[in-house]
Each structure stands twice: as structure tokens, then as C-alpha cells.
Amino acid sequence: MKRITVPPRPDWVNKARAVGFGFHEMYGEPYWLDDAAYTFTLEEIETQVEEPSQELHDMCIDLVDDIVRSEETLNRLVIPEDLRDAVQRSWQRGDRHLYGRFDLAYDGKGPAKLLEYNADTPTGVFQAAFFQFNWLTDQMALGVLPVDADQFNSLQESLVEALGQFPKGPIFHFAAITDNEEDRGTTVYLMDCAVQAGHLVELLEVREIGIDAQGRYTDLQDRVIHRCFKLYPWEFMLREPFGRELLRSGDVFIEPAWKAVLSNKGLLPLLWQRYPNHPNLLPSFFADDPAASTLSDYVRKPLLSREGENVTIFRAGQELISAPGDYGGEGFVVQAYSPLFESEGGFAVLGSWVVGDRACGLGIREDRSGITANLSRFVPHVIIG
């Protein structure tokens with residue numbers, strides 16, 4: 001694993017705008033870097049990223065049944081008591097899921113370590129699946145990269161295939177907070193994949209979802225929503241008034257309700273308990289577990305945090321860096337600290353994508369801070385050798 005600099009494509013900004021990637025820059029700071037890349041060998045990708053990601057996903061799926069059957073564990077994960085039936089029924093029905101992203105620490109020297117599993121509303125899929133592949137093909141055509149360069153990236157075809165396995169219905173709705181440019185861009189990209197899979201689609205603002213007299217979710221034209229991808233976290237849905245209808249909604253939403261137990265940071269100590277000393281796991285504990293005090297270099301994370309909010313890094317028991325945010329009231333986990341790949345670009349986190357039940361792609365984010373946040377830069381990758 002190395003970080004290299006390359007000449008940016010002369011017209012990359014226009015190309016970004018042409019495909020709706022307006023958030024290539026956010027708040028005056030670059031979000032996409034066209035003049036840098038991370039390089040890997042094929043053997044490194046296969047043994048240090050793809051195979052561990054597949055195994056981690058299989059381990060997570062294997063754990064779900066135990067979680068949803070245990071009131072004690074659901075309580076640990078702060079799943080609202082009156083909506084646990086919705087989570088349990090979703091798993092028992094076998095509600096189909098779509099995708100997720102493992103965030104991995106890998107420095108090129110040892111096994112990749114799981115930092116967290118973004119199993120519910122991961123973003124960055126458009127950048128990873130589409131725009132970085134275009135970067136690769138352009139840079140090969142320009143002679144910047146060798147003609148036999150490659151990428152760990154079968155994301156788009158995997159998404160089309162997975163979306164094609166959902167039953168065709170009258171309309172496949174896609175819901176997001178549409179005034180968030182990245183959320184909208186992510187959702188529109190997934191809609192395009194669904195169209196390629198043969199679905200009729202419609203974009204819906206999350207706040208516009210209604211409920212009819214029979215307790216069914218509806219859109220602005222009062223049409224019943226039969227199937228809806230939602231880029232909106234389950235922890236929000238389970239705590240809002242309209243979430244009370246989830247018990248009657250069946251398998252409407254994607255990701256399904258059972259994904260709420262995998263997108264929770266409480267998954268980390270549960271995995272460590274089930275698979276102690278696994279090479280791709282870090283020692284992790286609920287904050288009130290006495291074993292947590294055995295860690296001197298660790299990261300404290302809220303159970304429901306997103307984009308690095310309220311995450312704190314401790315070294316030798318002393319606070320090193322923390323990120324602000326609105327999470328933490330639900331409780332914390334602590335996870336042993338693992339060094340990230342560090343270069344002149346900052347600290348890099350590998351985002352390893354799983355679509356359906358198959359590891360199939362990689363995207364990399366880097367930040368000057370050791371905590372990856374919503375404005376951390378996206379850097380493409382390439383396989384050489």
C-alpha cells in the first residue's frame with residue numbers, strides 16, 4: 001500500500017458536474033482528490049481486503065440471530081422496547097438487504113482491523129462505484145497509469161444484480177433528505193442502478209412520507225409505498241412517531257429493520273466476545289464492562305454515532321483528540337486503538353463494500369485528523385502488480 005501523486009485529469013471538474021457529482025467540493029474544501037491515489041498489489045487486495053471483508057460480513061450475519069433473540073442484547077443496543085418486534089420479524093421473514101461498508105484500519109504491515117460496520121445508510125458508493133472507475137479508465141487512456149492497471153471494484157454491476165433480485169412492483173421509491181447534496185447524489189445513483197435492474201423508480205423526500213387510514217406508508221400522490229430504499233438511519237426511524245407503523249409495514253424498507261443491530265457500534269464488543277483474538281478484530285467492550293479498563297490506547301465511540309461525531313481517541317489513558325457532535329446519551333463502547341495508514345495526505349481509512357452478501361469494492365477516505373468525518377477526502381485507488 002502506497003500513496004502516490006498523479007497529474008489530475010484536465011477536465012475532471014466538468015466531468016464531475018456532468019454526472020451530478022456537485023459535491024466534489026464541499027464548504028470550500030476539496031472532497032474528491034483527482035491528483036492522488038492509493039496503490040495496492042493484487043495479492044494485497046485479495047488477502048488483506050477482500051477475503052477479510054467477506055469473512056467479517058459472514059461473521060456479522062451469523063451473529064444477527066443471537067442478537068434479535070436476546071432481550072438483554074437488544075437492550076444493550078438501545079433498540080426501543082416497543083419496536084423490537086419489528087426488528088425480530090424483519091429478520092425472521094428474511095427481509096432482503098442491499099449493501100454495507102466496513103471501515104478498516106490497514107497500514108500495509110499487518111491484518112486489516114475492523115473499525116466499524118456502516119450497515120444501514122453508508123454513503124460514498126457513487127464515488128467508489130462510478131467516479132473512481134472513470135478516473136481509472138481516464139488515467140489509463142492518458143498514459144498516467146499502465147494499461148493493465150485495475151481496481152477492486154465490481155460495485156456497480158453488483159448493485160444492479162442485487163437490486164434486480166427485489167420483486168418488480170408498481171414503483172420502487174427512493175427516499176432521502178434531499179437538501180443534503182451527498183445524500184441526494186447517493187440516492188439518485190442507486191435509483192439509476194435500480195432502473196438498470198428493470199424497476200420503475202421515484203425520488204421522495206423522507207419528510208414527505210405519509211400514512212393512510214390503514215397505516216400504510218404513502219407518497220405525495222397518496223400511492224401506497226410497497227418498497228422503499230431509505231437513506232435515513234433506523235435509529236431515527238425507530239424513535240419517531242411514524243415509526244410506530246413499522247410493525248404493520250412488513251418488508252417495505254431497504255435496508256431492512258434487522259440491519260439496525262449491525263449498524264450499531266455495540267456490534268463491536270459482541271463480535272469480539274464471539275470471535276476473541278480474531279486477526280481482523282480489535283478488542284472491544286461496552287464502556288461499563290470492567291474489561292474496558294484494561295485498554296490504555298483506545299477509541300471511545302457512541303453506540304449510534306455517525307461521521308465520527310463524539311468519537312474520542314485516548315493514548316496512554318490520556319485524551320488525544322475528540323470530535324464534537326450530538327451523540328453519546330445512548331452509551332459508549334471502547335475499542336483498542338489501531339494505527340491508520342499515514343502519509344503526507346493524512347490518515348487513511350479503507351471503506352470495503354459488501355453488496356448483497358459479497359465483498360466487491362473499495363473506497364478510501366483520508367483526513368488530517370485521526371478521526372474520519374463527513375468532510376474527509378475521497379481518494380481513488382489502483383491495483384498495480
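Source: prediction; values computed, not measured. (Residues numbered from 1 in each chain as written. Predicted model: local features only at pLDDT ≥ 70, side-chain atom pairs only at ≥ 80, totals over all residues. Heavy atoms only, no water.)

Undergrad: Which parts of the structure should I look at to understand the side chain of Thr 312?
TA: Residue position: Thr 312 is located in strand β15 (residues 312-315). Ignoring sequence-local partners within four residues, the contact set of Thr 312 consists of Tyr 298, Val 299, Arg 300, Glu 319, Ile 321 and Ser 322. (Helix = DSSP H or I, 4+ residues; strand = E, 2+ residues; numbered from the N terminus. Contact = heavy atoms within 4.5 Å.)

Undergrad: Looking at this model, I keep getting lost on the nonpolar core. Mind explaining?
TA: A general tendency of soluble globular proteins is for nonpolar side chains to be buried together. With 80 residues, the main nonpolar core has Phe 40, Val 261, Leu 262, Leu 271 and Leu 350 as its most contacted residues. The element best represented in this core is helix α2 (residues 42-68), accounting for 9 residues. Look past the residues within four positions of Leu 350 in its chain and what remains in contact with it is Met 1, Phe 40, Val 49, Phe 102, Asp 103, Leu 104, Tyr 106, Leu 362, Gly 363 and Ile 364. Counting residues in each nonpolar core, the second largest holds 43 residues, with Val 125, Leu 159, Phe 166 and Leu 190 among its members. (Core = buried A, V, L, I, M, F, W, Y, C linked by side-chain atoms within 4.5 Å. Buried < 20%, exposed > 50% of the residue type's maximum accessible area, 1.4 Å probe, protein only.)

Undergrad: Sorry if this is basic, but what is going on with the environment of Gly 185 here?
TA: Take Gly 185: it is sitting in helix α7 (residues 181-196). Its relative accessible area of 17% is what places Gly 185 among the buried residues. As a C-alpha pair, Gly 185 and Gly 22 span 163 residues in sequence and 8.4 Å in three-dimensional space.

Undergrad: What exactly am I supposed to notice about the environment of Gln 156 here?
TA: Summarising the element assignment, Gln 156 is placed in helix α6 (residues 155-164). Sequence spacing of Gln 156 and Leu 190 is 34 residues, and the spatial spacing of their C-alpha atoms is 9.1 Å. With near-sequence residues (within four places) excluded, Gln 156 lies in contact with Ala 129, Phe 130, Tyr 189, Cys 193 and Gln 196.

Undergrad: Whenever I open this one, the sheet that holds strand β8 (residues 201-205) confuses me. Can you help?
TA: Within a sheet, adjacent strands bond to each other through the backbone by hydrogen bonds, running parallel or antiparallel. Read from one edge of the open sheet, 4 strands run β8-β7-β11-β12, paired in parallel fashion. Strands at the two margins of the open sheet, each flanked by one partner only, are β8 and β12 (253-254). Relative to strand β11 (residues 227-230), strand β7 (residues 172-176) is paired through 4 bridges, and the arrangement is parallel. Within β11, the position partnered with Phe 172 by the bridge is Arg 227. (Pairing = 2+ DSSP bridges.)

Undergrad: Can you help me understand the sheet that holds strand β22 (residues 381-383) in this one?
TA: Pairing is mixed across the open sheet formed by 3 strands, whose spatial order is β1-β4-β22. The sheet is open, and its two borders are formed by β1 (2-5) and β22, each paired with just one other strand. The mean angle between the axes of side-by-side strands here comes to 35°, regardless of whether they run parallel or antiparallel. In this structure, β1 lies alongside strand β4 (residues 36-40), joined through 4 bridges in antiparallel fashion. Following the sheet pairing, Lys 2 is matched in β4 by Thr 39. Across the face of the sheet, α2 comes into contact with β4 and β22 while running at roughly 80° to β4. Along the sheet face, helix α5 (residues 125-141) touches β4 and β22 and points at about 55° away from the line of β22. (Axes fitted to C-alpha atoms, helices over the stretch in contact; angles between N-to-C directions.)

Undergrad: Would you mind going over the environment of Tyr 298 with me for this structure?
TA: Counting through the fold element by element, Tyr 298 comes out in strand β14 (residues 298-302). Taking C-alpha positions, Tyr 298 is 8.5 Å from Thr 312, a pair spaced 14 residues apart along the chain. The contact partners of Tyr 298, leaving out residues within four places of it in the chain, are Thr 312, Ile 313, Phe 314, Val 334, Gln 335, Ala 336 and Tyr 337.

Undergrad: Just to check I follow, could you spell out the packing of α2 against helix α4 (residues 84-93) for this structure?
TA: Between two packed helices, the angle of one axis relative to the other and the distance separating the axes together describe the packing. Contact pair α2 / α4: the axes reach a minimum separation of 10 Å and the direction vectors enclose 135°. By the angle between their axes, α2 is oblique relative to α4. With respect to the hand of their crossing, α2 and α4 are arranged in left-handed fashion. Taken together, the residues of α4 that come into contact with α2 (itself represented by Ile 61, Val 64, Asp 65 and Val 68) are Val 87, Gln 88 and Trp 91. A per-class count over the contact of α2 with α4 returns 5 nonpolar, 1 polar and 1 charged. (Parallel < 35°, antiparallel > 145°, perpendicular 65-115°, else oblique. Left-handed = near helix turned anticlockwise from the far one by under 90°. Nonpolar A, V, L, I, M, F, W, Y, C, P; charged D, E, K, R; others polar.)

Undergrad: Would you take a moment to explain the packing of aromatic side chains for this structure?
TA: Aromatic rings considered in pairs are described by the distance between their centres and by the relative angle of their planes. With the rule as written, the count across this model stands at 23 aromatic pairs. An angle of 80° between the planes, with centres 6.2 Å apart, marks the rings of Phe 21 and Trp 32 as edge-to-face. Of this pair, Phe 21 sits in the loop between α1 (12-18) and β2 (25-26) while Trp 32 sits in the loop between β3 (29-30) and β4, placing them 11 residues apart in sequence. In this pair, the class of Phe 21 matches that of Trp 32, namely buried. Seen in terms of ring centroids, Phe 126 and Phe 130 are 5.5 Å apart; in terms of plane orientation they differ by 25°. Their pairing is stacked. You can see Phe 126 and its partner Phe 130 sitting in helix α5, 4 residues apart, about one turn around the helix. Chaining the aromatic ring pairs together yields one cluster made of Phe 21, Phe 23, Tyr 31, Trp 32, Phe 126, Phe 130, Phe 131, Tyr 189 and Phe 378. Between Arg 9 and the ring centre of Phe 131, over which it is positioned, the NZ or CZ distance is 5.1 Å. Residue placement shows Arg 96 over the ring face of Phe 166; its charged tip is 5.8 Å from the ring centre. (Phe/Tyr/Trp six-rings, centres within 6.5 Å; stacked < 30°, edge-to-face > 60°. Lys NZ or Arg CZ within 6 Å of the ring centre and 35° of its normal.)

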